[in-house]
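# What the coordinates show
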Amino acid sequence: MPLVEVIPHAGTSEQTIATTVKLAKKQGKTPIVVADKAGFYVNRILAPYIAEAMRMLVEGESVEDIDNALVKFGFPVGPIQLLDEVGIDTGTKILPILEAAYGERFSAPASLIQAILNDDRKGRKNGRGFYLYGVKGRKSKKQVDKAVYSLAGMAPRHSQCSAQQIAERCVMLMLNEAARCIDEGIVRSARDGDIGAVFGIGFPPFLGGPLRYMDTLGAGEVVARLQRLATQYGSRFTPCEALLQRAERELTFWPGHETVPLN
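Rules used in this analysis
Residue positions are given per chain, counting from 1 as you read along its sequence in written order. Local features in this predicted model are restricted to residues whose pLDDT is 70 or higher, and side-chain atom pairs enter the listing and the counts only when it is 80 or higher, whereas totals over whole chains, interfaces and linings include all residues. As a convention, hydrogens and water are excluded, and side-chain values are obtained from all of the structure's heavy atoms. Any two strands with at least two DSSP bridges between them are considered paired. Secondary structure is summarised from DSSP: a helix means a run of H or I of at least four residues, a strand means a run of E of at least two, and numbering begins at the N terminus for each. Viewed with both strands pointing away, a crossover whose connecting path from the first strand over the helix to the second turns clockwise is right-handed. Salt bridges are defined by distance alone: a side-chain nitrogen of Lys or Arg within 4 Å of a carboxyl oxygen of Asp or Glu. Note on exposure labels: buried denotes an accessible area under 20% of the residue type's maximum, exposed denotes more than 50%, and partly exposed covers the range between, all computed with a 1.4 Å probe on protein chains only. Expected helix span is taken as 1.5 Å per residue step, with the number of steps being one fewer than the number of residues.

As recorded in an unreviewed UniProt entry, the chain goes by Fatty acid oxidation complex subunit alpha and comes from Kluyvera cryocrescens.

Structure below.
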């Protein structure tokens, strides 16, 4: 993991922060300074992205279709494989904390997650999650374990969504959360927000990061897409105030290589 999130509390001096950032750099890491709030930054923008993938799985999309759609978008791995890599037990532990802090947009299908955990599926670390993994040291490839579909009464069908639609549902939630993080001062600049996403979760670097990508699309376009998705899938896609204000005032997140919270 090339990224380090440096988390100061209210009484941490700037000297201490600077010393910690310097230490991280000496270790060969890329540090960003992040506010001490639930999920910090990387997990906060990642959680709704993964939760949406879980919802689509319950709706009948296959593991392969979901992961392939996000790889096609530019991520190094799809959200379901990423959950396997992190560890399903570890990756899902934070979701209730974030839901309690920020609301239903962080909710995930509890029955699916519990069924997976009850079947002792932790991901790559114990050789079985949504995928099955070969013996360590061998070159056998991972493969989707079709048994996961029956655990929570799922039945994968012919994809109801295109790869573009699958990617849009996951990515737009991540973008909306990144905008909130800027507005709330969770990260100090658009630069830090984009570095955190690229180095922390593999956001497609050719898009520059979620904040640069929103600037490329335009805040008005991002708002329009979120409003369309909110109509189709629910209020979790409602565009946040940070985006609505930028759309109205035609502002970007990168006006001069940094941005200032609106509040």
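After that view of the structure, there is still more to cover.
The subject of this paragraph is the pairing of strand 2 (residues 30-33). Note that strand 1 (residues 3-6) and strand 2 share four bridges and pair parallel. Within the sheet, the bridge partner assigned to V6 lies in strand 2 and is V33. Of the crossover connections in this fold, the one passing from strand 1 over helix 1 (residues 14-26) to the parallel strand 2 is right-handed.

Another point: the pattern of salt bridges. This structure, assessed with the given rule, holds 18 salt bridges. A salt bridge links E177 to R44, with the nearest nitrogen and oxygen atoms 2.9 Å apart. Of the two residues, E177 sits in helix 9 (residues 163-183) while R44 sits in helix 2 (residues 42-59), which places them 133 residues apart along the sequence. Between R105 and E177 there is a salt bridge whose closest N-O contact spans 2.7 Å. Of the two residues, R105 is situated in the loop between helix 6 (95-102) and helix 7 (110-118) and E177 in helix 9; the sequence distance between them amounts to 72 residues. The exposure classification of R105 matches that of E177, with both residues buried. Within this structure, R44, R105, E177, R180 and E184 form a network of salt bridges that share partners.

Further remarks concern helix 2. For helix 2, with 18 residues, the first-to-last C-alpha span of 26 Å sits near the 26 Å given by 1.5 Å per residue. Most of helix 2 sits out of view: 15 of its 18 residues are buried. Looking one or two places after helix 2, you find G60, whose phi comes out positive at around 120°.

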